[in-house]
Amino acid sequence: MNTKSLLTFKTILETGSFQKAADKLSYTQSTVTFQIKQLEEEISIKLFEKIGRKMVLTQAGKDILPYVDTILQGAEQINNYGKSLSEITGTLKLAIPDYILIYTMQPFIQAFLHEAPKIQLIINSLQSGAVNQSVIDGTSDIGINCEKENYPDTVIHKKAGTYRVLLVAAPFMNNNLLDFITPHQRKPFSLICNEPDGYYQLEMDKYLAQKDIVLNPYMKVQSIEAVKRCVMNNLGIAVVPSYSVIEELKNGSLKLIKTELDEKTFNSIYLYHKNKWISPQMKLALDLLEKNVGKDYI
């Protein structure tokens, strides 16, 4: 059995289409179509069916996925047999929200690339809510995320660090508007966020609801950097992880708004599927995560 066809099959699932798989693998779309047809004929299973304009994975295709993973993992094990970390090849797929990637993951990435320079590191910057699912469905090897309330039994999750959440405003915002301790208030500005369903954001929502402090509707932007820039320009306030505003609080471009959540701590975590084969690069990554990410920002 040609492992190239199996890799093409997996790439279609990871990218979402034949064309995107072709682009990623540097094939023509006709080559991808031919490989899948050849694979279907070889194993006598229909892997995809056309529904509307989309090619959708069949139930049989879903059923054989674990076997495909086993074969590809076995091929990688054979290819890397006897090699040192600096010689092994393959990929490592990470899923990380952008605010964690930007502010806490750089030491890890530097260390990983130094130890395993021939590994292709694929980092998907996902919304916090999508990170865990990418680990569950196997599109990511490891996820790094803010802590959630619960996890399925299929996932192993470990603490990566501790941080606080801070409410911040522009330094020139009227202090009379920044009382977030007294209950029953109406504020004339918005909470700016990039992940309304992020765990720490939801905790702030609960706090405001308990205090009966009402703000204007959310302003949603795409990144934590955009959030900070909007707050600096007095377009609203924001709740952010403490590690993302260390410099801005030091240089005075943002100021802290006191809340009763100031002393509450939150955990960042890393997670992986309990049935995932721990490849050499994944073992290296897990070891480095303990050394380079487990920092407290409190």
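From a predicted model like this one, the values you see are computed outputs, not experimental measurements.

J.: Quick question: what am I supposed to make of the nonpolar core here?
T.: The nonpolar side chains of a soluble globular protein tend to be buried, and buried together. Core analysis: the largest hydrophobic core is formed by 62 residues, its most contacted members being Leu-92, Met-105, Phe-108, Phe-112, Ile-142, Phe-180 and Ile-237. In terms of residue count, the dominant contributor to this core is strand β6 (residues 155-169) (seven residues).

J.: Would you mind going over the pairing of strand β2 (residues 54-57) with me for this structure?
T.: A regular strand places its side chains on the two faces of the sheet in alternate fashion. Pairing geometry for strand β1 (residues 48-51) and β2, over four bridges, is antiparallel. When the bridges of β2 are listed, Ile-51 appears paired with Lys-54. As consecutive antiparallel partners, β1 and β2 are separated by two residues, and within that stretch Gly-52 has a phi angle of approximately 65°, a positive value.

J.: Whenever I open this one, the layout of surface pockets confuses me. Can you help?
T.: Gaps between atoms show up when a probe of the same size as a water molecule is rolled over them. Estimates place the volume of the largest pocket at around 1200 Å³. If you go around the largest pocket, you meet 41 residues; those closest to its centre are Lys-10, Glu-14, Leu-72, Glu-76 and Lys-93. Partitioned by chemical class, the residues of the lining of the largest pocket number 14 nonpolar, 17 polar and ten charged.

J.: Mind showing me how you'd approach the pattern of salt bridges here?
T.: Proximity of charged atoms lets side chains of opposite charge pair with each other. Scanning the entire structure with this criterion turns up ten salt bridges. In this structure, Lys-93 and Glu-14 form a salt bridge, with 2.6 Å as the shortest nitrogen-oxygen distance. Of the two residues, Lys-93 is situated in strand β3 (residues 90-96) and Glu-14 in helix α1 (residues 3-15); the sequence distance between them amounts to 79 residues. Assessed through its relative accessible area of 12%, Lys-93 is described here as buried. Here Glu-14 falls in the partly exposed class, since its relative accessible area comes to 27%. Ionic pairing is found between Lys-206 and Glu-203, a salt bridge with its closest N-O pair at 3.2 Å.

J.: What's the story with empty space enclosed by the protein in this structure? I'm lost.
T.: In this structure the tally under the stated criterion is two cavities of 30 Å³ or more. Considered as a void within the structure, the second largest cavity measures approximately 40 Å³ in volume. Lining the second largest cavity are Cys-193, Asn-194, Glu-195, Tyr-200, Gln-201, Val-227 and Val-239. In the lining of the second largest cavity, the residues fall into four nonpolar, two polar and one charged.

J.: I would appreciate a short explanation of unusual backbone geometry in the present structure.
T.: The phi torsion of most residues other than glycine is negative, and most of the peptide bonds are trans. Positive phi, normally seen in glycine, also occurs at Ser-26, with a value near 60°. Along the chain, Ser-26 turns up in the loop between α2 (18-25) and α3 (29-43). The class of Ser-26 is exposed, set by a relative accessible area of 68%. In this structure, Asp-212 takes a positive phi of about 55° despite not being glycine. Counting through the fold element by element, Asp-212 comes out in the loop between α8 (199-211) and β8 (213-220).

J.: Even after reading the chapter, I still don't get the pairing of β3, so can you show me in this structure?
T.: By the criterion of burial, β3 is predominantly enclosed, with five of the seven residues buried. Bridge count for β3 against strand β4 (residues 119-125) is seven bridges, and the pairing is parallel. Each residue of the ladder has a partner; that of Ile-96, found in β4, is Ser-125.

J.: I keep staring at the side chain of Gln-35 and nothing clicks. Help me out?
T.: Within the secondary structure layout, Gln-35 lies in helix α3. Judged by relative accessible area, which is 10%, Gln-35 ranks as buried. A distance of 2.4 Å separates polar atoms of two side chains, one belonging to Gln-35 and the other to Thr-8. Not counting chain neighbours up to four residues away, the residues in contact with Gln-35 comprise Lys-4, Ser-5, Thr-8 and Tyr-27.

J.: Help me understand the packing of aromatic side chains in this model?
T.: Think of a pair of aromatic rings as described by two things: how far the centres are apart, and how the planes are tilted against each other in angle. What the rule picks out here adds up to nine aromatic pairs. Considering the side-chain rings of Phe-18 and Phe-48, the 5.3 Å spacing of their centres and the 75° angle between planes classify their relative orientation as edge-to-face. With a gap of 30 residues between them, Phe-18 in helix α2 and Phe-48 in strand β1 connect regions that are remote in the sequence. The two residues Phe-18 and Phe-48 agree in class, both being buried. Ring geometry for Tyr-163 against Phe-266: centres 5.9 Å apart, planes inclined by 25°, an arrangement best described as stacked.

J.: Hey, could you run me through α3 in this one?
T.: Count 3.6 residues to each turn of an α-helix, and residues three or four apart come out pointing the same way. Compared with an ideal rise of 1.5 Å per residue, which puts 15 residues at 21 Å, α3 spans 21 Å between its outermost C-alpha atoms and is within 8% of the ideal. Residues of α3 that are buried in the fold lie against α1, α2 and β1. Positive backbone phi, at 55°, marks Ser-44, one or two positions downstream of α3.

J.: Would you mind showing me how to read the packing of α1 against α3 here?
T.: The packing of two helices is summarised by the inter-axis angle and the distance between the axes. Look at α1 against α3: their axes get within 9 Å of each other, and the N-to-C directions meet at 115°. Relative to α3, the element α1 is oriented roughly perpendicular. Between α1 and α3 lies a crossing whose hand is left-handed. Mapping the contact onto sequence places Lys-4, Ser-5, Leu-6, Thr-8, Phe-9 and Ile-12 in α1 and Val-32, Gln-35, Ile-36, Gln-38 and Leu-39 in α3. Its residues assigned to classes, the contact of α1 with α3 shows six nonpolar, four polar and one charged.

Analysis parameters
- Residues numbered from 1 in each chain as written.
- Predicted model: local features only at pLDDT ≥ 70, side-chain atom pairs only at ≥ 80, totals over all residues.
- Heavy atoms only, no water.
- Core = buried A, V, L, I, M, F, W, Y, C linked by side-chain atoms within 4.5 Å.
- Buried < 20%, exposed > 50% of the residue type's maximum accessible area, 1.4 Å probe, protein only.
- Helix = DSSP H or I, 4+ residues; strand = E, 2+ residues; numbered from the N terminus.
- Pairing = 2+ DSSP bridges.
- 1 Å grid on protein atoms, 1.4 Å probe; cavity = no way out; pocket = protein on both sides within 12 Å on 5 of 7 lines; lining within 4 Å.
- Points joined across faces, edges and corners; volume = space filled by probe spheres on them.
- Nonpolar A, V, L, I, M, F, W, Y, C, P; charged D, E, K, R; others polar.
- Salt bridge = Lys/Arg side-chain N within 4 Å of Asp/Glu carboxyl O.
- Polar contact = N/O pair within 3.5 Å; in protein donor to acceptor, adjacent residues only side chain to side chain.
- Contact = heavy atoms within 4.5 Å.
- Phe/Tyr/Trp six-rings, centres within 6.5 Å; stacked < 30°, edge-to-face > 60°.
- Expected span 1.5 Å × (residues − 1).
- Axes fitted to C-alpha atoms, helices over the stretch in contact; angles between N-to-C directions.
- Parallel < 35°, antiparallel > 145°, perpendicular 65-115°, else oblique.
- Left-handed = near helix turned anticlockwise from the far one by under 90°.

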